[in-house]
Amino acid sequence: MSFEVRITPSILNADFDHLDAEIAKIAQVSDFIHLDIMDNIFVPNLTFDFQRAAEIIKNCPIPVDAHLMVADVDQVAIDYAEAGAASVTIHVEATTDIHKTLTEIRRHGARASLALKPATAIESYGEYLDLVDMVLIMTVEPGFGGQKFMEDMMPKVRATKNLIGDRPIWLQVDGGISLSTIDIAREAGADTFVAGSAVFKADDPAAMVQELRSQAAIR
Ligand code: DX5
Ligand code: ZN
């Protein structure tokens, strides 16, 4: 049986001063660029402001998967959809109106996605699955690249996969994904893989994306 796998490299650990060149290294072999937006409130780290992020989205040769780690995400999410992000991920912990925000993201032409921090259980969010195109289960505490993969999140990945059932909803994992952990996440049900340091710290980032893809596709 064929298994559809998506690799979405995170540029969090790329060279921010030469982002176009960094993105060009992997664009041809990647499904999306994963763009981590941090506000130093929701997480203790800061990345791009909206203006810079909008430029990245505009210039990116492949679709952008925006992962919003910001407090009060509801309006910000709509701004990112309007700026042309192909997928917009909001954290359940940062929204006051999940239903409305997911609906608005889709209305603005983007895929809508819901993320859960490690301590947040999926069970209370099953009712929103008909409004999403992807669920993101964090496999590290959001904020930084290069952290250790939390294998203890796999029961949650499995539970999410069960809740999704046969709906065409992608299941993404983010944090610590590498050649030595991608199998574990795939086995639990993930099909969409963020990889930051594994890709950008590799000697050949494009080759690493392809290795991750073939590793994940083996069943
Ligand atoms: C962490 C970010 C991740 C991060 C992943 O908060 O959401 O996307 O860039 O980096 P690695 O793959 O190095 O764990
Ligand atoms: Zn991320």
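Residues numbered from 1 in each chain as written. Chains lettered and ligands numbered in written order. Predicted model: local features only at pLDDT ≥ 70, side-chain atom pairs only at ≥ 80, totals over all residues. Heavy atoms only, no water.

Draft legend 1. Seen up close, the coordination of the zinc ion (ligand 2). Surrounding the zinc ion (ligand 2) are the protein donor atoms H34 (NE2), D36 (OD), H67 (ND1) and D174 (OD), which sit 2.1 to 2.3 Å from the metal. One chain supplies every donor for the zinc ion (ligand 2), spaced along it as H-x1-D-x30-H-x106-D. Of this pair, D36 sits in strand β2 (residues 33-38) while D174 sits in strand β7 (residues 170-174), placing them 138 residues apart in sequence. Note on D36: relative accessible area 5%, which makes it buried. (Donors = N, O, S within 2.8 Å, 3.2 Å for Na, K, Ca; no water. Helix = DSSP H or I, 4+ residues; strand = E, 2+ residues; numbered from the N terminus. Buried < 20%, exposed > 50% of the residue type's maximum accessible area, 1.4 Å probe, protein only.)

Draft legend 2. Seen up close, the side chain of T192. Looking at the element boundaries, T192 is found in strand β8 (residues 192-195). A polar contact of 3.0 Å, which involves the side chain of T192, links it to the side chain of R6. Sequence-distant contacts of T192, that is, excluding residues within four places in its chain, are made with R6, T8, M134, W170, L171, Q172 and V173. (Polar contact = N/O pair within 3.5 Å; in protein donor to acceptor, adjacent residues only side chain to side chain. Contact = heavy atoms within 4.5 Å.)

Draft legend 3. Spotlight on the site of ligand 1. The full set close to ligand 1 counts 20 residues, and G143, G146, D174, G196 and S197 are the nearest of them. Contact distances for ligand 1 include 2.9 Å between an oxygen atom and a side-chain N or O atom of D36. Out of a free accessible area of 380 Å², ligand 1 has 99% covered by protein chains. Only β2, β3 (64-69) and β8 provide two or more residues apiece to the shell around ligand 1. Considering each element in turn, the shell around ligand 1 owes the most residues, three residues, to β2. Class assignment for the residues of the shell around ligand 1 results in eight nonpolar, 10 polar and two charged. (Near = heavy atom within 4 Å. Areas by Shrake-Rupley, 256 points an atom, 1.4 Å probe, with all protein chains shown as cover. Nonpolar A, V, L, I, M, F, W, Y, C, P; charged D, E, K, R; others polar.)

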